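Read off the chains here:
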Number of protein chains: 2
Amino acid sequence: MTPPEPFRLTASEAQAKFKDGSLTVETYAQSLLSRIKARDSVTNAWAYLSPDLVLSRARELDQIPPEKRGPLHGVAIGVKDVILTKDMPTQHNSPIYEDDAPKIDAASIMTLRANGALIFGKTTTTEFAATSVGPSHKGPKTANPHDPTRTAGGSSAGSGSAVGDLQVPIGLGTQTVGSTIRPGSFNGIYAMKPTWNAISREGQKLYSLIFDTLGLYSRSVADLKLLLDTFQLVDDEPVPSEPFTIKGAKFALLTLPTPEWPEPGPGTASAVTKAAELLRAHGATVEEITLPDEFRQMYKYHLQVLSGDGRVAFLPEYTIAKDLMHESLVGHVENVANHTRRDQLKAFDELAAMRPKLDALASKYAAIIGPSAIDEAPVGSNTGSAAFCGPWTAMHMPVVNVPGFKGENGLPIGVSVVAGRYRDQYLLRVCEEVGKVFEGEGGWKREM
Amino acid sequence: MTPPEPFRLTASEAQAKFKDGSLTVETYAQSLLSRIKARDSVTNAWAYLSPDLVLSRARELDQIPPEKRGPLHGVAIGVKDVILTKDMPTQHNSPIYEDDAPKIDAASIMTLRANGALIFGKTTTTEFAATSVGPSHKGPKTANPHDPTRTAGGSSAGSGSAVGDLQVPIGLGTQTVGSTIRPGSFNGIYAMKPTWNAISREGQKLYSLIFDTLGLYSRSVADLKLLLDTFQLVDDEPVPSEPFTIKGAKFALLTLPTPEWPEPGPGTASAVTKAAELLRAHGATVEEITLPDEFRQMYKYHLQVLSGDGRVAFLPEYTIAKDLMHESLVGHVENVANHTRRDQLKAFDELAAMRPKLDALASKYAAIIGPSAIDEAPVGSNTGSAAFCGPWTAMHMPVVNVPGFKGENGLPIGVSVVAGRYRDQYLLRVCEEVGKVFEGEGGWKREM
């Protein structure tokens, strides 16, 4: 049996081969570059990629003596193009930043590089990670690797597509409403939005201080754990080293009563139902609960705060070149919806008051599960609805999209698994086992 | 009578002269540079200053035809060296960033430049605006212009000192606890911490997402208003164009019950008493109130959240070179105080719950007044206590330090004037009149 081509490896698998000497970072990088070369005309996931730069860094990493290698040695990471990188341009999918090449790394990139990661290239995004129109303002649209007529989601389109297409094992995204989790579902990969502010968002384009969160993509839970450990996320309660046991655990299948919490499509409805069935079949109990009425305004509040935040965040670009901005962003700055600051403060304060209540609810369960997206990735370039993702973002709770299900057209569908704030490591431990079940028995397999 | 030397002008006064053609930006810049040359060996307020760059930009601004000049045309601004500027290095008073020169402007700088401001130079800061030890890690310490044996405060030491010493009319600072308001008091100038997130903090070194706020220094309320207008801060209620009337207005003189709310020193105690007396003498009522016990933990919560935020914010630098960081910052990352995330979430949530209550309280008064600092600037390089400033930062409320009082050694002392969130323009209208009274009758005059 021939070993898999290196580009098929998860980051953890590649690291094992770096460690035993059976693979160099350079050879690995060449394999990823070949994969990208073969597939880029279909997926268009990269906003910037310099093979020379990648190979040069890979060779530098190979020169480091084994005892001095960092915990992320050789881990290849695609970076959403709203996150600053000192050796690659950051353009935010905006013509305003076309010639921009700031020599500075975002906080996340500093930490990743210092731990030995191979920052691979910049992946496509919707404009400033803040519109629902697929990239890009010029050139071809980023496509779903499982069906190029469909969206890869947004706003973290490129990282979702590239990780789903085996072009890179790890991708960085961002989430302000549903920009990490939704593409995770559409592209059939693991996606994690950690607890808000558990990883520094410095150097990542600002939309909302209170919602923006760095997002993580991978094809295994082990790879997500590698990243959380690098970013030193530590729960209060030590996470046991033995695997989580589904048998006897209690999950909540949660729906929200808001008018903005939409009906799931048939694929998502069946995925969520099947997820609950599988957990029950493995010995868990699953309670179906709906949040009480006091949470009804959650999504409306989220969007109100967001518009006020956008009004502040996009003023600089508006001042310089509003004609080059999407009308929805101009609309934030001009406050075309006529939000009052009083309403936005009420929304801000009410969401704050809900957070400890949702934590308390989550603490009663092994995890909360719910839909990640309305259905399979839609045809076309609209990146889909973030309505199912918004609540967890607004509540600052960690959430993982676990893939494994499929829709009516055979496209992947994932399920969101959620825990209370700062229980990120605990959540990954749950997802390790839940993921085995969903990926093993959910009905969707990656075919590429 | 000879007109004042240009460096003595406020920004608004200088603008009037640009407009009537009696002063060019270049001549103005030369006057400021002469002032700095004469005084820099005493105050040491600048981390980076290139006279050639300043004069070259000044000449460019003079070339702009009058009808195309921006609302901040020629306004000279000193920028705290934790705020990114694309044409000047940003070093955060940290050896880790000594060779750093990112080609990117912070959001605030983008907006200021696009409106015609003359970004003058970078002013000194404590390390990452996050320690209480005066700048700098090398070279001479920034001094108080009114007594060089005393601190200019911190962390926005350089901007406070430079504006207080007539070296530049406007300075940018930042405030996470009391880093803008305290130096305002020490240096005898106006200092404003606007409502949290009313001005974008993108591109300003991150310490705490939920507290960090851009701070503004000037020597007149008109100059603060110029800045708020540029940043498009708009209250919900239109601000009347006629002046605020002190007569008949009701103020609150507020103290907090926390153990961390210290006893003011004799200078501050007398300044606050005198402030109340002056307001009463001008026909206002002043109620002395103490917050109820439910607010007792406010400052403790603030510092708990801050330590958790520092743990995340300084991880990148810690990963790269912890030996080059102040031990208090290393302590955040290593969580030496053993804060639990549970405690920090409780603190975060409790502060959030207090905010609407303080807004409601503030809405009953024309403004709340209170101390800005413990007393006059202390001798030495410790930048003093931020305890009186913390609550307004934690509550996200706009606050202005109004100068005008003096301490036992003749040094300036200011009083904090505070309003509810997003009442920034309203607050300035109040401060316009309150400032006339405090500056006119408080007892301290700028002598230089």
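Computed from a predicted structure; not experimentally measured.

Explain the overall build of chain A residue by residue, including any values.
For chain A, the count of helices and strands is 14 helices and 13 strands. For chain A, the C-alpha radius of gyration of 21 Å lies close to 22 Å, the compact-globule estimate for 448 residues. For the C-alpha atoms alone, the extent of chain A along its principal axes is close to 60 × 60 × 40 Å. Relative to its 448 residues, chain A shows a buried fraction of 66%. Considering only intrachain contacts with a sequence separation of at least 6, the fraction spanning at least 24 residues in chain A is 80%. Within the structure as shown, chain A displays about 15300 Å² of accessible surface, and the carbon and sulfur contribution to it stands at 52%. Between the mean site of the 45 positive side-chain charges and the mean site of the 51 negative ones, chain A shows a separation of 1 Å.

How would you summarise the interface of chain B and chain A if you had to cite specific residues and measurements?
Listed by partner, the interface residues are 52 residues for chain B and 52 residues for chain A. Carbon and sulfur atoms supply 61% of the area buried between chain B and chain A, which totals about 4400 Å² over both sides. Salt-bridge contacts for B:R421 lead to A:D349; the nearest nitrogen and oxygen are separated by 2.6 Å. Of all the elements in the fold, those that place two or more residues in the side of chain B that touches chain A are helix 4 (107-114), helix 9 (298-313), helix 10 (315-321) and helix 12 (341-362) of chain B. At 9 residues, helix 12 of chain B tops the list of elements feeding residues into the side of chain B that touches chain A. Residues belonging to the side of chain B that touches chain A are distributed by class as follows: 26 nonpolar, 10 polar and 16 charged.

Could you give an account of the pattern of salt bridges, with specific residues and numbers?
The full count for this structure, using the stated rule, is 46 salt bridges over all chains. Residue A:E5 pairs with A:R8 through a salt bridge whose shortest N-O separation is 3.1 Å. Judged by its relative accessible area of 41%, A:E5 is partly exposed. In this structure A:R8 comes out as partly exposed when scored by relative accessible area, which is 30%. Salt-bridge contacts for B:D147 lead to B:R150; the nearest nitrogen and oxygen are separated by 2.9 Å. Look at B:R150 and you get buried, because its relative accessible area is 11%. One salt-bridge network, in which partners are shared between bridges, spans A:R57, A:E60, A:D87, A:D105 and A:R113.

Can you explain the sheet that holds strand 12 (residues 399-406) of chain A? Please cite residues and give values.
Residues and elements named next belong to chain A. In space, the 11 strands of this open sheet follow the order 1-3-2-6-8-7-12-13-11-9-10, with mixed pairing throughout. Taken across any chain shown, the strands that pair with only one partner, and hence form the sheet edges, are strand 1 (46-48) and strand 10 (285-290). The average undirected angle you get between the axes of adjacent strands in this sheet is 35 degrees. Pairing of strand 12 with strand 13 (residues 412-418), which is carried by 6 bridges, proceeds in the antiparallel orientation.

An account of the pairing of strand 11 (residues 367-371) of chain A is needed here, citing residue identities and associated values.
All names here are of chain A. Within strand 11, 5 of the 5 residues are buried, which leaves it mostly tucked inside the rest of the structure. With 3 bridges joining them, strand 9 (residues 250-255) and strand 11 adopt parallel strand pairing. When the sheet's bridge partners are listed, L253 is paired in strand 11 with I369. In this sheet, strand 13 lies alongside strand 11 in antiparallel orientation, the contact comprising 4 bridges. From the neighbouring strand, G370 faces strand 13, where its bridge partner is S416.

Just give me the short version of the packing of aromatic side chains, but keep the residues and values in it.
Residues and elements named next belong to chain A. Applying the stated rule across the entire model yields 18 aromatic pairs over all chains. Summarising the aromatic geometry, the rings of F18 and Y28 are spaced 5.5 Å apart at their centres and angled 75 degrees between planes, so their arrangement reads as edge-to-face. Here F18 is found in helix 1 (residues 11-20), whereas its partner Y28 is found in helix 2 (residues 25-43), with 10 residues between them in sequence. Each member of the pair, F18 as well as Y28, is classed as buried. Taking 6.3 Å as the distance between ring centres and 85 degrees as the angle between the ring planes, the aromatic pair formed by F244 and F251 counts as edge-to-face. Clustering of aromatic rings is evident, with ring pairs tying together Y97, F128, Y207 and F314. Positioned over the ring face of Y426 is R423, at 3.9 Å from the centre of the ring.

Which residues make up the relation of the copies chain B and chain A, and what values go with them?
Placing chain B over chain A gives an RMSD of 0.0 Å and needs a rotation angle of 180 degrees, together with 0.0 Å of translation along the axis. The operation mapping one copy onto its partner corresponds to a two-fold rotation axis. Comparing interface residues between copies, 100% of those in chain B also sit at the interface in chain A, which points to an isologous, same-surface contact.

Hey, could you go over the side chain of A:K80 for me, with residue numbers and the actual values?
Residues and elements named next belong to chain A. Relative to the helices and strands, K80 resides in strand 2 (residues 76-80). No salt bridge is formed by the buried K80; the nearest opposite charge belongs to D212, separated by 8.7 Å. If sequence neighbours within four positions are ignored, K80 has contacts with K122, T123, T125, A129, S155, S156, S159, L172, G173, T174 and S179.

With reference to specific residues and values, describe the nonpolar core.
One finds A:F120 and B:F120 to be the most contacted residues of the largest nonpolar core, which totals 156 residues. Setting aside residues up to four positions removed in sequence, B:F120 forms contacts with B:A29, B:L32, B:L33, B:I36, B:W46, B:L49, B:V54, B:A76, B:I77, B:G78, B:M88 and B:V168. Core analysis: the next-biggest nonpolar cluster, separate from the first, contains 129 residues, A:V82, A:L224, A:V437 and B:L53 among them.

Explain the packing of helix 8 (residues 266-281) of chain B against helix 14 (residues 424-441) of chain B to me, using residue names and the numbers behind them.
Packed helices, taken two at a time, are described by the angle between their axes plus the distance between the axes. All names here are of chain B. Viewed as axis vectors pointing N to C, helix 8 and helix 14 meet at an angle of 115 degrees, and their least axial separation amounts to 10 Å. Relative to helix 14, helix 8 is oriented so that their crossing is right-handed. Along the contact surface, helix 8 presents K274, A275, L278 and L279, while helix 14 presents V434, V437, F438 and E441. Residue composition of the contact of helix 8 with helix 14, by class: 6 nonpolar, no polar and 2 charged.

Now, about the sheet that holds strand 2 (residues 76-80) of chain B: what can you tell me, with residues and values included?
All names here are of chain B. Strand order in the open sheet formed by 11 strands is 1-3-2-6-8-7-12-13-11-9-10, with mixed pairing between adjacent strands. The open sheet terminates on both sides in strands that have one partner only, identified here as strand 1 (46-48) and strand 10 (285-290). Recorded for the sheet is a direction-independent mean angle of 35 degrees between the axes of neighbouring strands. In the sheet, strand 7 (residues 190-193) pairs with strand 8 (residues 213-218) via 3 bridges, with the strands oriented antiparallel. Along strand 8, the bridge assignment pairs Y190 with S218.

Tell me about the environment of B:S185, residues and numbers included.
Residues and elements named next belong to chain B. Within the element layout of this structure, S185 appears in helix 6 (residues 181-187). Taking C-alpha positions, S185 is 9.2 Å from P371, a pair spaced 186 residues apart along the chain. Ignoring anything within four residues of it in the chain, the contact list for S185 reads S372, A373, N401, P412, I413 and G414.

Just give me the short version of the state of the cysteines, but keep the residues and values in it.
In the structure shown here, the tally under the stated rule is 0 disulfides over all chains. Left unpaired, A:C389 is separated from the closest cysteine sulfur, that of A:C431, by 14 Å.

I'd like to hear about the side chain of B:R219, residue by residue, with values.
Residue and element names in this part refer to chain B. Assignment of secondary structure puts R219 in the loop between strand 8 and helix 7 (221-230). Among the polar contacts listed, one links the side chain of R219 to the backbone oxygen of L9, at a separation of 3.0 Å. A polar contact is formed between the side chain of R219 and the backbone oxygen of V168, at a distance of 3.1 Å. Aside from chain neighbours lying at most four places away, what touches R219 is F7, R8, L9, T10, V163, L166, V168, P169, I189, Y190 and R446.

Quick one: what's the story with the environment of A:S132, residue by residue and with numbers?
All names here are of chain A. Its location among the elements puts S132 in the loop between strand 3 (118-123) and strand 4 (143-144). Each C-alpha atom, one on S132 and one on S328, is 9.4 Å from the other, the two residues being 196 residues apart in sequence. Those residues in contact with S132 that sit more than four places away from it in its chain are S381, N382 and T383.

A description of the packing of helix 2 of chain A against helix 3 (residues 51-63) of chain A should follow, citing residues and the corresponding values.
All names here are of chain A. Two elements in contact, helix 2 and helix 3, have axes separated by 8 Å at closest approach and are oriented at 155 degrees. One finds that helix 2 runs roughly antiparallel with respect to helix 3. Our pair here, helix 2 against helix 3, has a crossing hand that is right-handed. Counting all contacts with helix 2, which are made through V25, E26, A29, Q30 and L33, the residues of helix 3 involved are P51, V54, L55, A58, R59, L61 and D62. When grouped by side-chain class, the residues that make up the contact of helix 2 with helix 3 number 8 nonpolar, 1 polar and 3 charged.

Calculation notes
- Residues numbered from 1 in each chain as written.
- Chains lettered and ligands numbered in written order.
- Predicted model: local features only at pLDDT ≥ 70, side-chain atom pairs only at ≥ 80, totals over all residues.
- Heavy atoms only, no water.
- Helix = DSSP H or I, 4+ residues; strand = E, 2+ residues; numbered from the N terminus.
- Rg over C-alpha atoms; globule rule 2.2 N^0.38 Å.
- Buried < 20%, exposed > 50% of the residue type's maximum accessible area, 1.4 Å probe, protein only.
- Contact = heavy atoms within 4.5 Å.
- Areas by Shrake-Rupley, 256 points an atom, 1.4 Å probe, with all protein chains shown as cover.
- Lys, Arg positive; Asp, Glu negative; His and termini not counted.
- Charge placed at Lys NZ, Arg CZ, Asp CG, Glu CD.
- Buried area = accessible area lost by both parts, 1.4 Å probe.
- Salt bridge = Lys/Arg side-chain N within 4 Å of Asp/Glu carboxyl O.
- Nonpolar A, V, L, I, M, F, W, Y, C, P; charged D, E, K, R; others polar.
- Pairing = 2+ DSSP bridges.
- Axes fitted to C-alpha atoms, helices over the stretch in contact; angles between N-to-C directions.
- Phe/Tyr/Trp six-rings, centres within 6.5 Å; stacked < 30°, edge-to-face > 60°.
- Lys NZ or Arg CZ within 6 Å of the ring centre and 35° of its normal.
- Least-squares fit on C-alpha atoms with pLDDT ≥ 70 in both.
- Core = buried A, V, L, I, M, F, W, Y, C linked by side-chain atoms within 4.5 Å.
- Left-handed = near helix turned anticlockwise from the far one by under 90°.
- Disulfide = S-S within 2.5 Å.
- Polar contact = N/O pair within 3.5 Å; in protein donor to acceptor, adjacent residues only side chain to side chain.
- Parallel < 35°, antiparallel > 145°, perpendicular 65-115°, else oblique.

Take it as geometry only, folks, not as evidence of what the structure does.
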